[in-house]
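Analysis of the macromolecular model
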Amino acid sequence: MAMRRFLQRSPLLLTDQNGFTNTKFIKSIAVSTLSPTSDTLKISEEISCFLRKNNWKTTIASSHVPSKLNPDVVCAVLHQNQVGDPKRLLDFFYWSQSQMGVPQFLDSFSILAVNLCNSNHLGLANEVLTQMIRSHYSSSSILDSIFFLFRNYEGSSALVFDLLIDSYRRMRMLDEAANVFFVAKNDSILISLTRCNSLLKDLLKCGNMKMFWKIYDGMLDAKMGFDIKTYATLVNALCKTGDLMRAKRLLIEMEEKGLNPNEFIYGMVLERMCQVGDINEAIELKRCMGKRGLVPNYDIIIVGLSRAKRMNEAKLTVEEMQKMGLKPKYNTCSALIDGFMRDGNIDEVLRIRDVMVSCDIPINLIPYNAVIHGLCKFGKMEKAAEVLEGMVALGCKPNSQTFCSLIEGYCREHNIGQALEHLHEMEKRNLVPRAVTYGAMINELCRCKDLSLATKLLEKMTSSGLKPNVIVYSTLMKGYADEGRIEEARRLLDEMRCEGVAPDIFCYNAIISSLSKSGKMEEASTYLLEIQRWGLTPDAVTFGSFIIGYSKIGKMTEASNCFHDMLDHGFMPNNLLYTVLTNGYFKAGNLKEALSTFQHIHALGVPLDVQTCSVFIHGLLKNGRVQEALKVFSELQEKGLVPDVFTYSSLISGICKQGEVNKAFELHGEMCLKGIAPNIFVYNALIDGLCKSGDIQRARELFDGISEKGLEPDSVTYSTMIDGYCKSKNLDEAFSLFHEMPSKGVQPHSFVYNALVYGCCKEGEMEKAMNLFHDMLQKGFTTIHSFNTLIDGFCKSCKLQEASQLLQEMIAKQIMPDHVTYTTLIDWHCKAGKMEEANLLFKEMLERNLIADAITYTSLMYGYNKVGQLSEVFALFKEMVAKGVKPDELTYSLVVYAHCKENNLVEAFKLRDEIVRKGMLTKGAIHNLLIFSLCKREDLSEASKLLDEMRELGLKPSLAVCSILVCRFFQAGKMDEAKQVFEGVKSLGLVPDTTSLIDFVNENLNDRDSEDARNLLKQLV
């Protein structure tokens, strides 16, 4: 025990900045005050003597020594080291351990380890250190003991610490190994670079990066020179931690120190760059390697390019790799297949497959399935079938995934026949399709309306042990619902509940959509309540179905409520719903809501489509909003959308109604150039436009050419041409077409008869008109319009009596006259000066609760002006204003005329100011009346100012008024003023430029005031 106490010195233990034991050793061995017992010394010396002999084991065994052996004795023998052979001491150590049956002292291990290292028996020293660690001594006591013995043996080798680190490393005790490094460093003992490199590598491998960087910092602090292995480990660590910037700096540092990075080191950086998507940097690093004569890891770069979706560069890199005689790996080819498949580049996928074959890269079922799946995904079914044939020929057996890809692909291509054939092949191979595959086939069969076979497949699916999911059920339900077979759809709804499959919103949508299309909104609403009862939330399709249904039956309030509910639920309506709503509002006559709905589309940024724009354009045109329609049409084309025939026909019709026939023909030419064949509606619109513009000849040419376009004129075409001929006073052609109609299978209708009646009346052919009218009476075609046309015709022929008789006949036939009937009769009676009859008609009109308009009142005012009953003019004007009937310019002119006749220019000028303020002044009649009246009063200065005002307002004065003003200035000796007015007359083109002032005055000097006043009244109407 004395020897044990002598050897077991305790060092001074501190803690360094890294948290490890910092051992500061006492520099000399303290001599114990307790000397070993004489027995221990005696036996140890005796054993040392025995050990000098070659047969020491036999000699010791035959002596009394074995009975005296103990750890103290063994430690004393080792410490004295009188033998001089460390290997023999090691043999004695192991032999004594077998004899004692008790553990050796820790210092005994340390003595042996230090001595063995000093003798360069490193392998034996390593074994001792390993056994020492396994003897369950603490790492601090082991280190304490070794350091003590290391310091107290002259010339001790520091390799003992290298070996201790190695022993800890092999036993995965990396923290203990690191502790040895720090304790040795702090005592100025330098661990070899090889051991440091190994320790760094192990720490990196187990992911202990905190300790890794502490060792690295310790190595830097110790100013250790790094070799290429050190840098390789450091680069690897930086790449793993994602610090590529430092990794690249290390590459530069290596070159600066003359350590050229090898392919392995570059490969680590390349791989990390590709992993983080820094492909451009990886490619640049690849170029640097090429300049240094190094071969980059092409597989890493190709995989990186494939993941980055840079497939063209990946392809070029493969070609470069092959030129260098290198073959891509399996994983590289798989990445290329995935990448090209993602891009839909089937040719390249197949080329990579061929590369794998040519490079003897085994192709198993996985890449084959990937290729077939991709080919099927992109509809390359023939090629997929070829690949299947090839894999079977190579002995690769297709599995369920292979066939499922093919079946789903054929279903996407709507080739249900091939899909069913492959299903049969699967069954022969005892392969079971997945549920998705069954769903694809059922979906395709529903699309083909083969609901019977779809139902059989559902039964086959359940019989094979597969449980149909909600998608399969909803698909079949939709098939039945689309066919209007609501009962079968309901049966499936009940069946799926029984099978424990909860219906989703798609199931209900199928039924609701079908009911909504049929206009059965009450029944559809019951399913909406059921949806809410089951805790489901209506989606965009649900709301859309209700919007379509309510719009279809004209319930726009309910449709609008559903629309706003849809928005409140966060769903964005699609173009179809906006189209339905817009069309519904237009049909309901709600232009405001139609415009608001279309503006809402713009506000939400919903992309417009042709159908939506066409419906909106059609609605605008129906409401006379041609310019707005053209704007929408332009926007449609700006967005790259191509208008259809419906769009063009609506637009051409609207533009023709506005009289812009040339623009309409431009659109006709445009649609023909785009390959959109005009229909009969387009030609009807163009013919109508030409007729209304007076170009009846061109209209006839277009009419005659319709048959060449593969179309036939319809009743609208004939009626339009007949109406055009009637309005152009060509009754012969009109009647010719009228008689042609029955032979073409087109029967004349009321519009044709009315057009001919109008034409006859216009030409004064009242007898023909009456003959047509009688035909109309027999065929039941007569309308209020027919009577009004005839009445107007008789009035224009000055046959007021016949016109009045028609009124009575009209009433007798229970065809009630309207305000047009009465206004026509009143107007012509007023023009004939028959004011009593006109007034009676006016009273009769009011008694029938017909509303007199501005034309009615204006006609009466004209008549009363004509017969000089000016008070009646003022009374009628007051009455119409009181009734809210807005006077027009002609009405104001007649009242001004009456005031001028009474020489009441103050009231006349008030009315002039009122009409100017309202912006209704478009003609010069009122100014002419006022100038005429001022001239009569010799107020030539004001008359001249009023003439100037006319010019400023862009109004053209009459020659009569200008003549009076010039003559009055001339008579008053105001030659300059007369000349100025006369020059204005010439500038307006009212007289030839060669006319002189004197000639003009002499010609107009006679007093024509009365005649001029009458002419002015005629000019008003």
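Up top is the structure these notes are about.
In what follows, the accompanying structure is described. A quick note: this is a predicted structure, and the numbers were derived from the prediction, not measured.

1. Considerations on the overall build of the chain
Along its length, the chain carries 59 helices and two strands. At 56 Å, the chain has a C-alpha radius of gyration far larger than the 31 Å of a compact globule built from 1021 residues. Expressed along its principal axes, the backbone C-alpha trace of the chain runs to roughly 175 × 85 × 60 Å. Out of the 1021 residues belonging to the chain, those deemed buried represent 49%. For the chain, contacts bridging at least 24 residues in sequence account for 61% of all contacts bridging at least 6. Taking the average location of the 116 positive side-chain charges in the chain and that of its 123 negative ones, the two points are 8 Å from each other.

2. Topic: helix 55 (residues 940-952)
Side chains that are three or four residues apart share a direction in an α-helix, a result of its 3.6 residues per turn. Counted at 1.5 Å a residue, the expected span for helix 55 with its 13 residues is 18 Å, and the 18 Å between its end C-alpha atoms agrees. Along helix 55, the residues that are buried comprise Leu 940, Ala 943, Ser 944, Leu 946, Leu 947 and Met 950. For helix 55, the angular spread of buried residues about the axis comes to 160°, placing them on one side. The inward-facing, buried residues of helix 55 abut helix 53 (905-917), helix 54 (925-936), helix 56 (959-971) and helix 57 (975-987).

3. Section: the packing of aromatic side chains
One pass over the full model with this rule turns up 23 aromatic pairs. Geometrically, the ring pair formed by Tyr 508 and Tyr 527 is tilted, given 6.5 Å between the ring centres and 55° between the ring planes. Separated by 19 residues along the polypeptide, Tyr 508 in helix 30 (residues 505-517) and Tyr 527 in helix 31 (residues 521-533) bring together distant segments of the chain. Each member of the pair Tyr 508 and Tyr 527 is classed as buried. Measuring from centroid to centroid gives 6.1 Å for Phe 543 and Phe 571, while their planes differ by 45°, and the two rings are tilted. Of the two residues, Phe 543 sits in helix 32 (residues 540-552) while Phe 571 sits in the loop between helix 33 (556-568) and helix 34 (575-587), which places them 28 residues apart along the sequence. Each member of the aromatic cluster is reached from another via a ring pair, and the members are Phe 212, Trp 213, Tyr 216, Phe 226 and Tyr 231. Note that Lys 768 overlies the ring of Phe 735, its terminal NZ or CZ placed 5.6 Å from the centroid.

4. Thoughts on the side chain of Lys 986
In this fold, Lys 986 is placed in helix 57. Not counting chain neighbours up to four residues away, the residues in contact with Lys 986 comprise Val 991, Pro 992, Asp 993 and Thr 995.

5. Description of the nonpolar core
Judged by nonpolar contacts, the single largest core of 329 residues is most densely connected at Ile 47, Phe 161, Ile 215, Ile 652, Ile 722 and Leu 790. Those residues in contact with Ile 215 that lie beyond four places of it in its chain are Ala 178, Phe 181, Phe 182, Leu 199, Leu 200 and Leu 203.

6. A closer look at unusual backbone geometry
A positive phi angle is found at Asn 430, which is not glycine, with a value near 60°. Locating Asn 430 in the fold gives a position in the loop between helix 25 (416-428) and helix 26 (435-447). For Asn 430, a relative accessible area of 70% puts it in the exposed group. With phi around 65°, Asn 903 is a residue other than glycine that occupies positive phi space. As for its placement among the helices and strands, Asn 903 is situated in the loop between helix 52 (889-901) and helix 53. The class for Asn 903 is partly exposed, based on a relative accessible area of 47%.

7. Focus: a nonpolar patch on the surface
A cluster of nonpolar side chains, contributed by Val 295, Met 324 and Leu 326, occupies part of the molecular surface with about 210 Å² of accessible area. Inspection of the secondary structure puts Leu 326 in the loop between helix 19 (311-323) and helix 20 (330-343). For Leu 326, a relative accessible area of 32% gives the class partly exposed.

8. Some points on a positive patch on the surface
Among the surface-exposed residues, Arg 172, Lys 201, Lys 205 and Lys 229 lie close enough to one another that they form a single positively charged patch. Examined against the element boundaries, Lys 201 turns out to sit in helix 12 (residues 193-205).

9. Brief notes about the environment of Asn 70
Tracing the backbone through its elements, the reader meets Asn 70 in the loop between helix 4 (65-68) and helix 5 (71-80). Given a relative accessible area of 29%, Asn 70 falls into the partly exposed group. For the pair Asn 70 and Phe 571, spaced 501 residues apart in sequence, the C-alpha to C-alpha distance is 91 Å. From its side chain, Asn 70 meets the backbone nitrogen of Asp 72 in a polar contact 2.9 Å long.

10. Side note on the environment of Pro 367
Mapped onto the fold, Pro 367 is located in helix 22 (residues 365-377). You can call Pro 367 buried: its relative accessible area is 5%. Distance in space between the C-alpha atoms of Pro 367 and Asp 338 is 9.2 Å, their sequence separation being 29 residues. Non-local contacts of Pro 367, meaning those with residues more than four positions away in its chain, are made with Tyr 330 and Ile 337.

11. Remarks on the pattern of salt bridges
Applying the stated criterion across every chain yields a total of 42 salt bridges. The partner of Arg 490 in a salt bridge is Glu 523, with the nearest N and O atoms 2.1 Å apart. One end of the pair, Arg 490, is in helix 29 (residues 486-498); the other, Glu 523, is in helix 31, and 33 residues separate them in sequence. Since its relative accessible area comes to 19%, Arg 490 is described here as buried. Note on Glu 523: relative accessible area 29%, which makes it partly exposed. A salt bridge links Lys 883 to Glu 879; the nearest nitrogen and oxygen atoms lie 3.3 Å apart. Under the relative-accessibility criterion, Lys 883 is labelled partly exposed at 49%. Salt bridges sharing partners connect three or more residues here, namely Asp 166, Arg 169, Arg 195 and Asp 202.

12. Section: helix 2 (residues 38-51)
For helix 2, spanning 14 residues, the distance from its first C-alpha to its last is 20 Å, which sits close to the expected 20 Å at 1.5 Å a residue. If you check which residues of helix 2 are buried, you get Thr 40, Ile 43, Ser 44, Ile 47, Ser 48, Phe 50 and Leu 51. Down the axis of helix 2, the buried set is contained in an arc of 160°. They therefore lie on one face. Turned more than 90 degrees away from the buried face of helix 2 sit Ser 38 and Lys 42, all of them exposed. The inward-facing, buried residues of helix 2 abut helix 3 (56-61), helix 4, helix 5 and helix 6 (86-100).

Conventions and cut-offs
- Residues numbered from 1 in each chain as written.
- Predicted model: local features only at pLDDT ≥ 70, side-chain atom pairs only at ≥ 80, totals over all residues.
- Heavy atoms only, no water.
- Helix = DSSP H or I, 4+ residues; strand = E, 2+ residues; numbered from the N terminus.
- Rg over C-alpha atoms; globule rule 2.2 N^0.38 Å.
- Buried < 20%, exposed > 50% of the residue type's maximum accessible area, 1.4 Å probe, protein only.
- Contact = heavy atoms within 4.5 Å.
- Lys, Arg positive; Asp, Glu negative; His and termini not counted.
- Charge placed at Lys NZ, Arg CZ, Asp CG, Glu CD.
- Expected span 1.5 Å × (residues − 1).
- Arc of directions from axis to C-beta.
- Phe/Tyr/Trp six-rings, centres within 6.5 Å; stacked < 30°, edge-to-face > 60°.
- Lys NZ or Arg CZ within 6 Å of the ring centre and 35° of its normal.
- Core = buried A, V, L, I, M, F, W, Y, C linked by side-chain atoms within 4.5 Å.
- Patch = residues over 30% accessible without salt bridge, like charges linked within 9 Å, V, L, I, M, F, W, Y side chains within 5 Å.
- Areas by Shrake-Rupley, 256 points an atom, 1.4 Å probe, with all protein chains shown as cover.
- Salt bridge = Lys/Arg side-chain N within 4 Å of Asp/Glu carboxyl O.
- Polar contact = N/O pair within 3.5 Å; in protein donor to acceptor, adjacent residues only side chain to side chain.

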